[in-house]
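Architecture and fold: a report
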Amino acid sequence: MSNFIQPLIVDTAVRASLIEKISLFKNKKILVVGDVGVDEYITGAVKRISPEAPVPVLEVENEDKSLGLASNVAQNVVSLGGDVKLVSVVGTDEGSEILKNLLSKSKVATDYLVYDSTRPTTRKTRVMSGQHHLVRIDHEIKKGLSSQSENSLFQMIEKNISECDVVVLEDYAKGILSQSLVEKIVKLANQKKKFLMVDPHQTKFAEFYKGVDLIKPNYNEALALTQVHEDQFDNASERVMHVGRTLQKMTGAKQVVLTQGQEGMTIFSQGEEVTRVPTFARNVFDVTGAGDTVIAALALGVSAGLPLSEACTIANFAAGFVVGKVGCVPCSVSDLVNSIKTMGQKP
């Protein structure tokens, strides 16, 4: 098998073609299943130490809340022109009310959420002074779902999968996706002839996702999933090739999309051809949520019938926009069009 990675050329004509194809995303239906959560930021200034204990006192200047985890994937699907059904489990707490409010503002329906009063809704509160993190407060439980909640979750998937074009599993290892649930979803997707893709978590093993059509890890996640050691290879291309093909073999995935930050993406398909998709992002301020944007754009591209190389190129441009922002910011159609027109181009 060849170790050659074919670089993808993205010239002016390719950019124009990609922009035209974004319109195909409109109203494509994506089913997103996975861990959801809220990111909160409390920012201000520290001017004194508390008289009660030797800790700084933050004078709050701003509070901000945004969608995180699979809920960020969902809002990106919508902002890019698609329709989404977000299936997850949340608590019956303040966090779930905040989450539902944010989802509604992003035009993501909350009708497909399952409620479990024994679990808190994942919420991460970051207290900051300038760029300095003073403390992070987490509301979450990472243990697996109860059998009742898992059954309710699967019933929600069964009820809605037929209406969707592509299914996305978004695994942040917060307890929503068990191996038995993944196996049932794989079987159901095969029965319904639905394309199934997964954004995996590095704490799992590759076979955990066996049977998916496409898996999209970043490079470090792929190393962890496959237990491949970097020092086995001197050549970077050989290393990437081995990791991608090993992951493909272990999961049985027809396609692997390996994201590599500033190195772009490498696409592994069933044949021998392996393609490198470049990235054009230059102003990288915050990579938070970039992977969510990528999987959302990929799902829409696949559902629109685009070749995977084109879907990945569009996804890279979308990610290039969000890494230039701070926090989980969705990419809109106009943002994406502007990125494709200008990103990586000479002034």
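Before reading further, recall that the structure is shown in the block above.
Below, the structure is looked at part by part. (Residues numbered from 1 in each chain as written. Predicted model: local features only at pLDDT ≥ 70, side-chain atom pairs only at ≥ 80, totals over all residues. Heavy atoms only, no water.)

A few words on the overall build of the protein. A count of helices and strands for the protein gives 10 helices and 14 strands. Taken over C-alpha atoms, the radius of gyration comes to 20 Å for the protein, in line with the 20 Å a tight globule of 347 residues would show. Relative to its 347 residues, the protein shows a buried fraction of 55%. Long-range pairs, those at least 24 residues apart, make up 70% of the contacts in the protein between residues at least 6 apart in sequence. (Helix = DSSP H or I, 4+ residues; strand = E, 2+ residues; numbered from the N terminus. Rg over C-alpha atoms; globule rule 2.2 N^0.38 Å. Buried < 20%, exposed > 50% of the residue type's maximum accessible area, 1.4 Å probe, protein only. Contact = heavy atoms within 4.5 Å.)

Pairing within the open sheet is mixed, and its four strands lie in the order β4-β3-β7-β8. Two strands in the sheet have a free side with no partner beyond their single neighbour: β4 (56-69) and β8 (132-139). In this sheet, adjacent strand axes meet at a mean angle of 20° when their direction is disregarded. Sheet topology places strand β3 (residues 36-49) next to β4; 13 bridges connect them, and they run antiparallel. When the bridges of β4 are listed, aspartate 39 appears paired with serine 66. With respect to the sheet, helix α3 (residues 94-105) is in contact with β3, β4 and β7 (123-129), its orientation differing from that of β3 by roughly 105°. (Pairing = 2+ DSSP bridges. Axes fitted to C-alpha atoms, helices over the stretch in contact; angles between N-to-C directions.)

For the structure on display, the rule yields 18 salt bridges. The closest approach of N and O atoms between glutamate 163 and lysine 85, which form a salt bridge, is 2.4 Å. Of the two residues, glutamate 163 sits in the loop between α4 (147-160) and β9 (166-170) while lysine 85 sits in strand β5 (residues 83-90), which places them 78 residues apart along the sequence. With relative accessibility at 47%, the residue glutamate 163 sits in the partly exposed group. The exposure class assigned to lysine 85 is buried, which follows from its relative accessible area of 13%. With a closest N to O distance of 3.2 Å, glutamate 140 and lysine 174 form a salt bridge. (Salt bridge = Lys/Arg side-chain N within 4 Å of Asp/Glu carboxyl O.)

On any regular strand, side chains alternate: one points to one face of the sheet, the next to the other face. Among the six residues of strand β2 (residues 29-34), five are classified as buried, and the element is accordingly described as predominantly covered. Note: β2 against β5, five bridges, orientation parallel. By the bridge assignment for β5, valine 32 is matched with leucine 86. Across five bridges, β2 lies against β9 in parallel orientation. What sits directly across from leucine 31, in β9, is valine 167.

Let us now look at the side chain of arginine 119. Mapped onto the elements of the fold, arginine 119 is located in the loop between β6 (113-115) and β7. One buried charge, arginine 119, has no salt-bridge partner; the nearest side chain with opposite charge is aspartate 116, at 4.9 Å. A polar side-chain atom of arginine 119 sits 3.1 Å from the main-chain carbonyl oxygen of isoleucine 141. A polar contact is formed between the side chain of arginine 119 and the backbone oxygen of lysine 174, at a distance of 3.0 Å. Setting aside residues up to four positions removed in sequence, arginine 119 forms contacts with Val89, Gly91, Thr92, Asp93, Ile141, Lys143, Gly144, Leu145, Lys174 and Gly175. (Lys, Arg positive; Asp, Glu negative; His and termini not counted. Polar contact = N/O pair within 3.5 Å; in protein donor to acceptor, adjacent residues only side chain to side chain.)

A word on the state of the cysteines. Summed over all chains, the structure comprises zero disulfides. The thiol of cysteine 312 is unpaired, and the distance to the nearest cysteine sulfur, on cysteine 331, comes to 15 Å. In this structure cysteine 312 comes out as buried when scored by relative accessible area, which is 0%. (Disulfide = S-S within 2.5 Å.)

Further remarks concern helix α6 (residues 219-226). Taken across its eight residues, α6 has six buried, putting it largely inside the fold. All of the buried residues in α6 are Tyr219, Glu221, Ala222, Leu223, Leu225 and Thr226. Packing partners of the buried residues in α6 comprise α7 (236-251) and β12 (255-259). Two or three places before asparagine 220, at the opening of α6, asparagine 218 has a side-chain oxygen 3.2 Å from that residue's backbone nitrogen. Positive phi shows up at glutamine 227, right after α6, with a value of about 60°.

Here we come to the sheet that holds strand β11 (residues 214-215). Spatially, the 10 strands line up as an open sheet ordered β1-β14-β13-β12-β11-β10-β9-β2-β5-β6, and their pairing is mixed. Sheet topology places β1 (5-7) and β6 at the edges, where each strand pairs with a single neighbour. By the bridge criterion, two bridges tie strand β10 (residues 195-199) to β11 in an arrangement that is parallel. Opposite methionine 197, over in β11, you have leucine 214 as the bridge partner. Across the sheet, helix α5 (residues 179-192) lies against β2, β9 and β10, angled at about 150° from β10, the strand it touches most.

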